[in-house]
Amino acid sequence: MHPEVDRFHKWLLRKRPRSATVRHYTHDVQLFFRWLDKAPKDVTVLDVDAFIEHCQGRGHRIATVNRRLAAVRGLYRFLALDEPTLPNPVVVERHFIPHGQRLPRDARDSDVQKLFDVVDDVRDRAIFLLMLRCGLRVGEICALTLTDIYLEPT
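About the thresholds
Residues numbered from 1 in each chain as written. Predicted model: local features only at pLDDT ≥ 70, side-chain atom pairs only at ≥ 80, totals over all residues. Heavy atoms only, no water. Helix = DSSP H or I, 4+ residues; strand = E, 2+ residues; numbered from the N terminus. Polar contact = N/O pair within 3.5 Å; in protein donor to acceptor, adjacent residues only side chain to side chain. Contact = heavy atoms within 4.5 Å. Buried < 20%, exposed > 50% of the residue type's maximum accessible area, 1.4 Å probe, protein only. Axes fitted to C-alpha atoms, helices over the stretch in contact; angles between N-to-C directions. Parallel < 35°, antiparallel > 145°, perpendicular 65-115°, else oblique. Left-handed = near helix turned anticlockwise from the far one by under 90°. Nonpolar A, V, L, I, M, F, W, Y, C, P; charged D, E, K, R; others polar.

What about the side chain of D47?
Then, number 1: Structurally, D47 is set in helix α3 (residues 45-57).
Then, number 2: At 2.9 Å, the side chain of D47 forms a polar contact with the backbone nitrogen of T44.
Then, number 3: Not counting residues up to four positions away in its chain, the partners in contact with D47 are W35, L36, K38 and D42.

Shown next as structure tokens:
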């Protein structure tokens, strides 16, 4: 393996001796250079593009690909401490893949029934009904005042 990767591993260990990040980042950087078979100074932006395609072609999750990119980017940030002219081939705007946001799921009727079976207070039942039926969040419920309630028909 490249001596730069070994130095990066030792540097991470000094910074975070008990962190799993050290193990994961080291593994990710080793995987990248094993796949690429180039010295760190020879890596280009196009190599990183190809690595992303390789990972996606193997069915890796977006979070896994992004973590690997973060590890490689971290290596180059570390190397820049000693050699400031070494360019970082991982460009955030180009390489990191945005995560799609998951839509909230509906609560099952049986779960809602279990909740209301244990909520006895009328005020608490009203709060939970507002949250469930109107999609209000806890902070929005807390901010409600009596003037927010319209009792007159419109």
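Focus on unusual backbone geometry
Then, number 1: Positive phi is not limited to glycine here, since D37 has a value of about 60°.
Then, number 2: Its place among the elements puts D37 in the loop between α2 (20-36) and α3.
Then, number 3: Its relative accessible area of 67% is what places D37 among the exposed residues.

Thoughts on the packing of α2 against helix α4 (residues 62-82)
Then, number 1: Direction vectors running N to C along α2 and α4 enclose 90°, while the axes themselves pass 8 Å from each other. With respect to α4, the axis of α2 lies roughly perpendicular. For the pair α2 and α4, contact is made by H24, Y25, D28, V29, L31, F32 and F33 and by R67, R68, A70, A71, V72, L75 and Y76, respectively.

Some thoughts on the packing of helix α6 (residues 109-118) against helix α7 (residues 122-134)
The description of two helices packed together rests on the angle between their axes and the distance between the axes.
Then, number 1: Two numbers describe how α6 lies on α7: the axes approach to 10 Å, and their chain directions differ by 160°. Put simply, α6 runs roughly antiparallel to α7. For the crossing formed where α6 meets α7, the hand is right-handed. Only R125, F128, L129 and L132 of α7 make contact with α6, whose side of the interface consists of V112, L115 and F116.
Then, number 2: A class-by-class count of the residues in the contact of α6 with α7 yields six nonpolar, no polar and one charged.

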